[in-house]
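# Structural overview
This is what each chain is made of:
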Amino acid sequence: MNGLPLRNKALYAVGSLGANVIFQTMTMWLIYFYAPPPEAGAITYAPIALISLLMGIDMFVEAIDDPLIGYWSDSTRSRWGRRIPFIFWGIPPLILTYFFLWTPPIAGTSTWNGIYFIVMLWLQYLAGTIVMGSYEALLPEIAVTSSDRVSTSSWKVVMGTVGGAIGMMASSVLIERFDFRIMALVMSAIAFISYYVSLLGVKDIVRVEEPAGERLSLVEAVKATFTNSQFLFFIISLVLLYMGQSLLTGVIPYLVTVVVGETEDKVAILMGATMGVMLLSLPLMSKLTRIRSKKWAYALAMLALVFYLPLMYFVGFLPGIPKIVQGAVYAGLTGLPFCALYVFPNALLGDVIDYDELRTGERREAMYFGVFATISKVARALSTALFGFILGTFGYSGANPLGIRLMGPVAGLCVLVGWLIFRRYTLPDQVGRPVEGDRS
């Protein structure tokens, strides 16, 4: 399918708005909600080390179902295609479990809150796998050329940035003026609507395939995925990049309330700076792709983050400049390289999937996105545990904020390792033949 219509790109991309509303509010606020710093004067529902550990356990456990659901989706045949049934029926449980995460049963530190947290978070992750794994797998299915994949991904960045702005900025205002439950209710409604709107962009163009002959078994499909060296080089680098971003996003509320000394609503200033620069960077990302390639632009953005992320350690140290301004400038400049994180990964993974079709003779989008989700959840589990360890060990209070400051250098180290691994990725922008030396 060449020349994907603009209407379809834009409507499909609206799903990224809802996804980012959920992802960003959970990444930025969930640990903070259950284990606020002493300066916040809020209820502590569970110790920060316990919440970080439970979140990591949930990610490890739930990661197992990603390739299983991916294989199921790849093998499904219906009048709606392979992906839409999973998205359509998965949205309600995804939204409900998200909302209930913000309603712990005991108004104080309690073991029951920990049990409630781990159960509800696992259900939320499971529903997220069903919806988002299928949603992401639609992109290489509906956009088959490199240019369509980059442009559709750019539309996803626009919508995702709007969702990120809502999740990061509006959430802080709602929390400051009302509470976390009102914030969760508003975000739930926004995500619910956006997910269903996205289906309007694909319902008439999605592939409805006839039942195939003999297909790869589950074991064969997983094996074929993990023997695709290009996929491994790309996905491990991306996971490490996500780890760096998650560490940075998660520490922002602590940076604002402890290091900068402002209230929660000022988090919106930093996040607004990031989102604004990210949107302004979109034309540059497209230009870099035309000048060289997706691979080159993505690697350049990673290298920029390697040098820039550690500078967070020095936020608040510059004399004569208000701390909130220092924080906003730092956060804003992360928007330029992080723009590449949203534009290129799905387009690059589409190339990997095209290459896999040459190797196996099958289209296995959901399997690849499922395995990616498994790897990324394991990495996020490690990232969450690392996050809790750094804050718990080195401090996250006004008297001892070292743990907060160290998060930037640690995030930069994660991205550095990812950049070194990605240097071995060799696929061209438009895949047409196997890479020499890579065999099924």
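Just so it is clear, the structure is predicted and the values come from calculations on it, not from any experiment.

All right, on to the overall build of the protein then. In terms of helices and strands, the protein carries 16 helices and 0 strands. In terms of overall size, the protein behaves like a compact globule, its C-alpha atoms giving a radius of gyration of 21 Å where 440 residues would be expected to give roughly 22 Å. Taking the principal axes of its C-alpha atoms as reference, the protein extends roughly 65 × 45 × 35 Å. Residue burial in the protein is summarised as follows: out of 440 residues, 59% are buried. Accessible surface, the protein: about 17,000 Å² in total, of which carbon and sulfur atoms supply 70%. With 31 positive and 28 negative side-chain charges, the protein shows a spacing of 6 Å between the two charge centroids.

Here the focus is the packing of helix H1 (residues 6–34) against helix H9 (residues 229–260). Relative orientation of the contacting elements H1 and H9 amounts to 50°, with a least axis distance of 9 Å. Between H1 and H9, the angle falls in the class oblique. Of the two elements, H1 crosses H9, and the hand of that crossing is right-handed. Facing Phe23, Gln24, Thr27, Met28, Trp29, Ile31 and Tyr32 of H1, the residues of H9 in contact are Ser246, Thr249, Gly250, Pro253, Tyr254 and Thr257. Of the residues that constitute the contact of H1 with H9, the class distribution is 7 nonpolar, 6 polar and no charged.

Attention now moves to the packing of aromatic side chains. For the structure shown, the criterion picks out 26 aromatic pairs. Arranged with centres 5.5 Å apart and planes meeting at 75°, the rings of Phe88 and Tyr196 form a pair that is edge-to-face. In this pair, Phe88 sits in helix H4 (residues 84–100) while Tyr196 sits in helix H7 (residues 180–200), placing the two residues 108 residues apart along the sequence. You can call Tyr196 partly exposed: its relative accessible area is 21%. Between the aromatic rings of Tyr313 and Phe314, the centroid separation amounts to 5.3 Å while the plane-to-plane angle is 70°, which identifies the pairing as edge-to-face.

What follows concerns helix H6 (residues 146–177). Relative to the 46 Å expected for 32 residues at 1.5 Å per residue, H6 spans 45 Å between its end C-alpha atoms, a close match to the ideal helical length. When the local axis directions of H6 are compared, the greatest deviation, roughly 30°, occurs at Ala170.

Here we take up the nonpolar core. Buried together is how nonpolar side chains tend to be arranged in soluble globular proteins. Ranked by size, the top nonpolar core spans 135 residues in total, and within it Trp102, Tyr195 and Tyr254 carry the most contacts. For this core, the element with the highest residue contribution is H9, accounting for 19 residues. Aside from chain neighbours lying at most four places away, what touches Tyr254 is Ile31, Tyr32, Ala35, Pro37, Ile48, Val259, Phe387, Leu391, Tyr396 and Ile404.

With that out of the way, let us pick up the side chain of Ser194. Mapping Ser194 onto the fold places it in helix H7. Side-chain polar atoms of Ser194 contact the backbone oxygen of Ala191, separated by 3.0 Å. The residues contacting Ser194, other than those within four sequence positions of it, are Val14, Gly15, Leu17 and Gly18.

Rules used throughout
Residues numbered from 1 in each chain as written. Predicted model: local features only at pLDDT ≥ 70, side-chain atom pairs only at ≥ 80, totals over all residues. Heavy atoms only, no water. Helix = DSSP H or I, 4+ residues; strand = E, 2+ residues; numbered from the N terminus. Rg over C-alpha atoms; globule rule 2.2 N^0.38 Å. Buried < 20%, exposed > 50% of the residue type's maximum accessible area, 1.4 Å probe, protein only. Areas by Shrake-Rupley, 256 points an atom, 1.4 Å probe, with all protein chains shown as cover. Lys, Arg positive; Asp, Glu negative; His and termini not counted. Charge placed at Lys NZ, Arg CZ, Asp CG, Glu CD. Axes fitted to C-alpha atoms, helices over the stretch in contact; angles between N-to-C directions. Parallel < 35°, antiparallel > 145°, perpendicular 65-115°, else oblique. Left-handed = near helix turned anticlockwise from the far one by under 90°. Contact = heavy atoms within 4.5 Å. Nonpolar A, V, L, I, M, F, W, Y, C, P; charged D, E, K, R; others polar. Phe/Tyr/Trp six-rings, centres within 6.5 Å; stacked < 30°, edge-to-face > 60°. Expected span 1.5 Å × (residues − 1). Bend = angle between axes of the 7 residues up to and from the residue. Core = buried A, V, L, I, M, F, W, Y, C linked by side-chain atoms within 4.5 Å. Polar contact = N/O pair within 3.5 Å; in protein donor to acceptor, adjacent residues only side chain to side chain.

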